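Residue-level listing of the chains:
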Amino acid sequence: MIIMSLKALRTHFTGEINPEADNGQTVTLSGWAHEIRDLGGITFLVLRDRTGRAQVTILKKKVDPELLETVKRMSRESVITVTGTIKAEPKAPNGYELMPESITVVTVAESPLPMDTTGKVDAELDTRLDNRFMDLRREEQTAVFVIRDTVQAAIRDFFRENKFVETTTSKIVAAATEGGTDLFPISYFDREAFLNQSPQLFKQMLMSAGLDRVYEIGPIFRAEEHDTRKHLNEATSIDIEMSFADHEDVMELLENMIVYIYEQVVEKCQKSLAVLEKELQIPKLPFNKYTYEQVLDIINNEIPEIEDKMQFGDDIGTQAEHLFGEYVFNKTGESHYFIIDWPTETKPFYAMPYEDRPEISKSFDMMHRMMELSSGAQRIHQYDLLVERIEAKGLNPDGFDFYLKPFRFGMPPHAGFGVGAERLIMTMLELDNIREAVLFPRDRKRLSP
RNA sequence: GUCCAGAUAGUGUAGGGGACUAUCAUGGGGCCCUGUCGAGGCCCCGACCCGGGUCCGAAUCCCGGUCUGGACGCCA
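Predicted model, so just to flag it, every value in this text is computed and none were measured.

Colleague: Please clarify how unusual backbone geometry should be interpreted in this entry.
Modeller: Leaving glycine out, the prevailing phi sign among residues is negative, and the prevailing peptide bond configuration is trans. Note the cis peptide between S111 and P112, where omega equals 0°. Note on placement: P112 falls in the loop between β5 (96-107) and α2 (125-130). The phi dihedral of K163 is positive, around 70°, even though this residue is not glycine. Inspection of the secondary structure puts K163 in the loop between α4 (139-161) and β6 (165-166). With a relative accessible area of 67%, K163 lands in the exposed category. A positive phi angle, near 75°, is found at D212, a position not held by glycine. Mapped onto the secondary structure, D212 falls in the loop between α5 (200-208) and β10 (213-221).

Shown next as structure tokens:
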């Protein structure tokens, strides 16, 4: 069942009203006073809620003068409740207007407002984030998070359908184990602890636990002092791990997940997409795959903008990543693709090396033409090899007891990946800045709100 | 972390030694207006990031600070 609002405050959302079917009906709407346009004999009050806007039309000659006074004194962005009759009206936005019987100001909004909500005057991202509660009242911002809700619901549908168990693992960990990134230290009673950079090690332990297929959508924390449009210090990771599977299996799972998400958003979010003026192109299956060495080859031979020749083992820098993404897009028309078979040395210790060519690993990155969206691999499930790889990375296996023990008592072969949820939203909706995909972003400089 | 750019009413901007009593829009206040939908018209209100310096004179030039945006690095 759906829990309804108190009838005195809301019988409908604005978006639920059908001009023809509901014509003549008395309804109660609650929301914010978006705009008030006083033309003299006629005054238009625009009420906004999560689903859209409704025009309340007040005719001077036909309403109680006190009601008109209430509207004239009302400040923009005050919370209001309006009860009135629906009138189908082609001249009104959305094809209907509300002829009010009563209008109540529930809470008064102060003036001036910290930013404009109507789209008339831009605000800088910093101003918007400082006043995020008000920024989110703008329909474009509401749309992003309505779509994000659909994305997260689609992910849950998809994995449940594929027999995955949703898990939640601890975000507080004892040691900076995985390497590769800086962690946030925190105080844990009388000990030092850290905010977890990734659920990776927990997911793998759950493979030994026999849960077989797990996924988690949760926060990850990185203390990197980067300052870019595509980095956050607190991000949301869509993390999965799958037993009795290899990297090829999870790549297939991943590309199918992405396509399912896009399909669901196209199916369920037309209104929000229209607000954002976006038409989604659903990626084609299967995604194109390029080996790391093919990528180097193409960069070295077909992308003259990169002057320094790349060698095996080099990282693919931002410029090369962008140019290669463009190259793939021009060639195939697709934004998403895989880079596979990375050098073992550039990937984390748990990535499985190929038996016949141990210098490369059964690893992959799933790319959007603008950035990396996901990375994954078949994992090492053999205890001795894992210890060897930990040591080869210059890490001390003694710090990994809790993680290594399951590998000594029955660990199935397994593979998995992690996807940056914000990057997925950002690339899908072509947002300029990843912060727009997070309600309350945490970056190098921002700790509130 | 490196490099580049920037900070002017609540918001977004113009102005780069004197004409600045600082532009425009939005907003707020007032008046007029019965079909607005970025409503319109008239009047009013509201700002040069902080600290030093140069100069007869600084929003404007110089130095330091703080904050912000972007690119790169590192990373997802």
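Colleague: I'm lost on the sheet that holds β5 in this one. Help?
Modeller: Adjacent strands of a sheet form backbone hydrogen bonds with each other and so pair up, either parallel or antiparallel. Strands sit in the order β1-β2-β3-β5-β4 around a closed barrel of 5 strands; the barrel is mixed. Along the sheet, successive strands turn relative to each other by an average axial angle of 50°, direction set aside. Across the sheet, helix α1 (residues 65-73) lies against β1 (26-38), β2 (42-49), β3 (52-59) and β5, angled at about 70° from β5, the strand it touches most.

Colleague: Help me understand the protein's contact with RNA strand B in this model?
Modeller: Neighbouring residues of RNA strand B: 47 residues in total, closest R37, H231, L232, T318 and E372. Considering the 4 Å shell around the protein, atoms of RNA strand B inside it are sugar or phosphate in 59% of instances. Within the backbone of G41, an N or O atom sits 2.8 Å from a phosphate oxygen of RNA strand B. One nitrogen or oxygen atom from the side chain of H231 is found 2.8 Å from a base oxygen belonging to RNA strand B. Broken down by element, the surface near RNA strand B gets its largest block of residues, 3 residues, from β1.

Colleague: Looking at this model, I keep getting lost on the sheet that holds β6. Mind explaining?
Modeller: With mixed pairing, 8 strands are arranged side by side in an open sheet as β6-β10-β11-β16-β15-β14-β13-β12. The two strands at the open ends of the sheet, each matched to only one other strand, are β6 and β12 (288-291). In this structure, β10 lies alongside strand β11 (residues 234-243), joined through 9 bridges in antiparallel fashion. Residue E216 lies in a different strand from β11, and its bridge partner there is D239. Against the sheet, α5 contacts β10, β11 and β16 (414-420), and its axis sits at roughly 20° relative to β11. On the sheet, helix α12 (residues 421-429) packs against β11, β14 (363-368), β15 (371-378) and β16 and is oriented at approximately 135° with respect to β15.

Colleague: I'm lost on the environment of F349 in this one. Help?
Modeller: Relative to the helices and strands, F349 resides in the loop between β13 (336-340) and β14. According to the relative accessible area criterion, F349 is buried, its value standing at 1%. Through-space distance from the C-alpha of F349 to that of E388 is 9.0 Å; in sequence the pair is 39 residues apart.

Colleague: I would appreciate a short explanation of the side chain of Q378 in the present structure.
Modeller: Counting through the fold element by element, Q378 comes out in strand β15. The class for Q378 is buried, based on a relative accessible area of 8%. Those residues in contact with Q378 that sit more than four places away from it in its chain are A245, D246, H247, Y350, A351, M352, K362, H414 and A415.

Colleague: I would appreciate a short explanation of the pairing of β14 in the present structure.
Modeller: Side-chain positions along a regular strand alternate between the two faces of the sheet. Across the 6 residues that make up β14, a large majority, 6, are buried. Residue alternation in β14 divides its side chains into two sets, S363, D365 and M367 and F364, M366 and H368, and both sets are buried. Bridging between β14 and β15 involves 6 bridges; their strand directions are antiparallel. Its bridge partner lying in β15, H368 is registered against M371. Where β14 hands over to β15, the hairpin turn is made up of 2 residues, counted between the paired strands.

Colleague: Explain the packing of helix α6 (residues 247-268) against α12 here, please?
Modeller: Packed helices, taken two at a time, are described by the angle their axes make and the gap between the axes. Their axes nearest at 12 Å, the elements α6 and α12 cross at an angle of 55°. The angle between the axes of α6 and α12 places the two elements in the oblique class. As α6 packs across α12, the resulting crossing turns out to be right-handed. Together, I258, I261, Y262 and V265 of α6 and L424, T427 and M428 of α12 make up the contact between the two elements. Taken together, the residues that form the contact of α6 with α12 break down as 6 nonpolar, 1 polar and no charged.

Colleague: So what exactly am I meant to see when it comes to the packing of α4 against α6 here?
Modeller: Where α4 meets α6, the axes come as close as 9 Å, and the angle between the chain directions of the two elements is 135°. Taken together, the axis directions place α4 and α6 in an arrangement best described as oblique. Here α4 and α6 pass one another in a crossing that is right-handed. Taking contact as the criterion, the partners of I147, T150, V151, A154, I155, D157, F158 and F159 in α4 are, on α6, L253, N256, M257, Y260, I261, Q264, V265 and K268. A breakdown of the residues in the contact of α4 with α6 according to their chemical character gives 11 nonpolar, 3 polar and 2 charged.

Colleague: Even after reading the chapter, I still don't get the pattern of salt bridges, so can you show me in this structure?
Modeller: Should their charged atoms come close, side chains of opposite charge can pair. Tallying each qualifying case throughout the model produces 31 salt bridges. Across the pair E216 and K171 runs a salt bridge, and its minimum N-O distance is 2.5 Å. Separated by 45 residues along the polypeptide, E216 in strand β10 and K171 in the loop between β6 and β7 (172-173) bring together distant segments of the chain. The class of K171 is buried, set by a relative accessible area of 18%. One salt bridge in this structure joins K203 and E241, with 3.2 Å as the shortest N-O distance. Here K203, found in helix α5, pairs with E241, found in strand β11; they are 38 residues apart in sequence, far enough to count as distant. In terms of burial, K203 and E241 fall into one category: buried.

Here is what the cut-offs are and how they apply
- Residues numbered from 1 in each chain as written.
- Chains lettered and ligands numbered in written order.
- Predicted model: local features only at pLDDT ≥ 70, side-chain atom pairs only at ≥ 80, totals over all residues.
- Heavy atoms only, no water.
- Helix = DSSP H or I, 4+ residues; strand = E, 2+ residues; numbered from the N terminus.
- Buried < 20%, exposed > 50% of the residue type's maximum accessible area, 1.4 Å probe, protein only.
- Pairing = 2+ DSSP bridges.
- Axes fitted to C-alpha atoms, helices over the stretch in contact; angles between N-to-C directions.
- Contact = heavy atoms within 4.5 Å.
- Near = heavy atom within 4 Å.
- Polar contact = N/O pair within 3.5 Å; in protein donor to acceptor, adjacent residues only side chain to side chain.
- Parallel < 35°, antiparallel > 145°, perpendicular 65-115°, else oblique.
- Left-handed = near helix turned anticlockwise from the far one by under 90°.
- Nonpolar A, V, L, I, M, F, W, Y, C, P; charged D, E, K, R; others polar.
- Salt bridge = Lys/Arg side-chain N within 4 Å of Asp/Glu carboxyl O.

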